[in-house]
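What the coordinates show
Listed below are the residues making up each chain.
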2 protein chains.
Amino acid sequence: MSAKTETPRERYRAQVRAEIKDHAWRQIATAGASALSLNAIAKLMGMSGPALYRYYAGRDELITELIKDGYRSLADRLRAAADDGADVRALARAVRGWALEDPNRFFLLYGTPVPGYHAPDETTVISAEIMAVLLDTWSREPGAPTAEDPETPFAAHLRDHRAWSRGHPAPPAVLHRALSLWARVQGVLSLELAGQFTGMGFDAEAFFEAEITDLVTTAAAGRPAPSAQ
Amino acid sequence: MSAKTETPRERYRAQVRAEIKDHAWRQIATAGASALSLNAIAKLMGMSGPALYRYYAGRDELITELIKDGYRSLADRLRAAADDGADVRALARAVRGWALEDPNRFFLLYGTPVPGYHAPDETTVISAEIMAVLLDTWSREPGAPTAEDPETPFAAHLRDHRAWSRGHPAPPAVLHRALSLWARVQGVLSLELAGQFTGMGFDAEAFFEAEITDLVTTAAAGRPAPSAQ
DNA sequence: CCTGATGAGTTAGAAGCTATAACGAAAACT
DNA sequence: AGTTTTCGTTATAGCTTCTAACTCATCAGG
């Protein structure tokens, strides 16, 4: 990071912006993103309402920044896990750990989209980085599908629509596996964190493990070509 | 339905409540649940603000009613599909069709939970009804797991935690399958409808089909006992 | 038929929010 | 030292939910 001789003012400004974000995260963690209030943050920081607009153009800009930081934290976590030699299972567990750490942060990124909001390019770049970690990890997985295995129809489709993998060398079957991992993790986590399992009595973590086990073992066993579309 | 000789007043009241819900659904469909405004609905109906509080105690009660109706509509849809002899695949497609019909309705039920809100008993009853349809359909599925198949660890866990199935005779392996179906459908749909796939270029419907195909075919093929965990 | 209760709708207002405008004061640059 | 930039303030508009108090119509019983 090029620390380009910051003036004291710039440093102060950056520090205040950071403090605002800090309060914002605390607020989100306790009451969800919808409860985020610039006014309340300002008062918490001892200054009055509109002062915050010197630091963030508005609620949307602050939320955008939070989303960007959220993606960044997940990407870093997964990258670190991968660097530690995590396999697919460990990677999935890393995602779950990250999500349980702050469920509302998870929902900020992967929950109900906010009406008018449109993700800036930076977040899609980080998303691609996350996808790259998934692809790398699947590629290293012992029983991962290879180019020789029979190809599912959807893998064939991905052969022609793999721009999102940004030149990653993984074969289409691995792209398919990575998307499945993403979707299945998302499925369990969004249900679990939204409280859809409460009252059902079974262990959500055990279910999560079962889903990942299924994903990994059916990949290792190879799979019969599906009969019906 | 016992039409218990309604007075004209009661009929009027019921009709106004229905009209309010109608506007609310329209608002939710176009701008999401967070944009739902009692004030705006009142003005749209030609009456001024607080008049609505004669019909709904507050925003929360209206949303609760909408959520209940939402679950009802999904449950009815699935029940109808099952009555038409739908197999697991068709049932999954029915869920997706229902979700695509009004994505914000899907998110109202299965998206980011609203902070203070707690689901009333009625919705959990309807949820159980939906689950029953899933279990029925899986039980009828030709290649569904039986009590003789080797049992996954999670199915064993479900053997002792199956209160949520409310006395349904399906074996634990089928309970497991039903939960998997739920989670996998939820995974693809929440990502797709939140726009997480936009810009990636592949066909979300094809991915959905592939997920269901995988779920159904691995069930039919039986599965090797997982080595780890 | 007339009277009294019930319920619908009104305006006024409190408390909260986002956001803009106009202004004072402090700090930094020239 | 003077000028400009930046920070923080108050005032204000417009929106929200929701309560309180009041008017008026409708409906039921004597």
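Cut-offs used in this document
- Residues numbered from 1 in each chain as written.
- Chains lettered and ligands numbered in written order.
- Predicted model: local features only at pLDDT ≥ 70, side-chain atom pairs only at ≥ 80, totals over all residues.
- Heavy atoms only, no water.
- UniProt positions renumbered as here; feature names shortened; annotations may be inferred.
- Helix = DSSP H or I, 4+ residues; strand = E, 2+ residues; numbered from the N terminus.
- Contact = heavy atoms within 4.5 Å.
- Buried area = accessible area lost by both parts, 1.4 Å probe.
- Salt bridge = Lys/Arg side-chain N within 4 Å of Asp/Glu carboxyl O.
- Polar contact = N/O pair within 3.5 Å; in protein donor to acceptor, adjacent residues only side chain to side chain.
- Nonpolar A, V, L, I, M, F, W, Y, C, P; charged D, E, K, R; others polar.
- Expected span 1.5 Å × (residues − 1).
- Buried < 20%, exposed > 50% of the residue type's maximum accessible area, 1.4 Å probe, protein only.
- Near = heavy atom within 4 Å.

1. Topic: the UniProt feature "domain: HTH tetR-type" (unreviewed entry) in chain A
Here, UniProt's "domain: HTH tetR-type" (unreviewed entry) annotation points to residues 14-74 of chain A. End C-alpha to end C-alpha, residues 14-74 of chain A measures 23 Å, and it is 67% helix and 0% strand.

2. Focus on the UniProt feature "DNA-binding region" (unreviewed entry) in chain A
Those places that UniProt annotates as "DNA-binding region" (unreviewed entry) correspond, in this numbering, to residues 37-56 of chain A. What you have in residues 37-56 of chain A is 35% helix and 0% strand, and the ends, taken at the C-alpha atoms, are 13 Å apart.

3. Things to note about the interface of chain B and chain A
Listed per partner, the contact involves 52 residues of chain B and 52 residues of chain A. Taking both sides of the interface into account, the surface hidden between chain B and chain A amounts to around 4100 Å²; carbon and sulfur atoms contribute 66%. For the interface between chain B and chain A, the tally reads zero salt bridges. Counting the contacts that link chain B with chain A gives nine residue pairs in polar contact (both at pLDDT 80 or more). Contributing elements (two or more residues each) for the side of chain B that touches chain A: helix 4 (88-101), helix 5 (103-110), helix 7 (153-160), helix 8 (172-193) and helix 9 (204-221) of chain B. The leading source of residues in the side of chain B that touches chain A is helix 8 of chain B, at 13 residues. Here the side of chain B that touches chain A is built from residues that sort into 27 nonpolar, 16 polar and nine charged.

4. Side note on helix 1 (residues 8-31) of chain B
One turn of an α-helix holds 3.6 residues; hence residues three or four places apart share an orientation. Residues and elements named next belong to chain B. Taking 1.5 Å of rise per residue, the 24 residues of helix 1 would be expected to cover 34 Å, and the 35 Å separating its terminal C-alpha atoms lies within 8% of that figure. Where helix 1 is concerned, the buried positions are V16, I20, K21, H23, A24, W25, Q27 and I28. Where helix 1 is buried, its residues touch helix 2 (38-44), helix 3 (59-83) and helix 5.

5. Here's the deal with the protein's contact with DNA strand D
Of all residues adjacent to DNA strand D, which total 19 residues, the nearest are R54 and Y55 of chain A together with L38, N39 and R59 of chain B. Backbone atoms, meaning sugar plus phosphate, form 59% of the atoms of DNA strand D positioned within 4 Å of the protein. Interatomic distance of 2.3 Å between a side-chain N/O atom of R54 of chain A and a base oxygen of DNA strand D. The backbone of N39 of chain B places a nitrogen or oxygen atom 3.0 Å from a phosphate oxygen of DNA strand D. Those elements that provide at least two residues to the surface near DNA strand D are helix 1 (8-31) of chain A together with helix 2 of chain B. For the surface near DNA strand D, the element with the highest residue contribution is helix 1 of chain A, accounting for three residues. For the surface near DNA strand D, a count of residues per class yields nine nonpolar, five polar and five charged.

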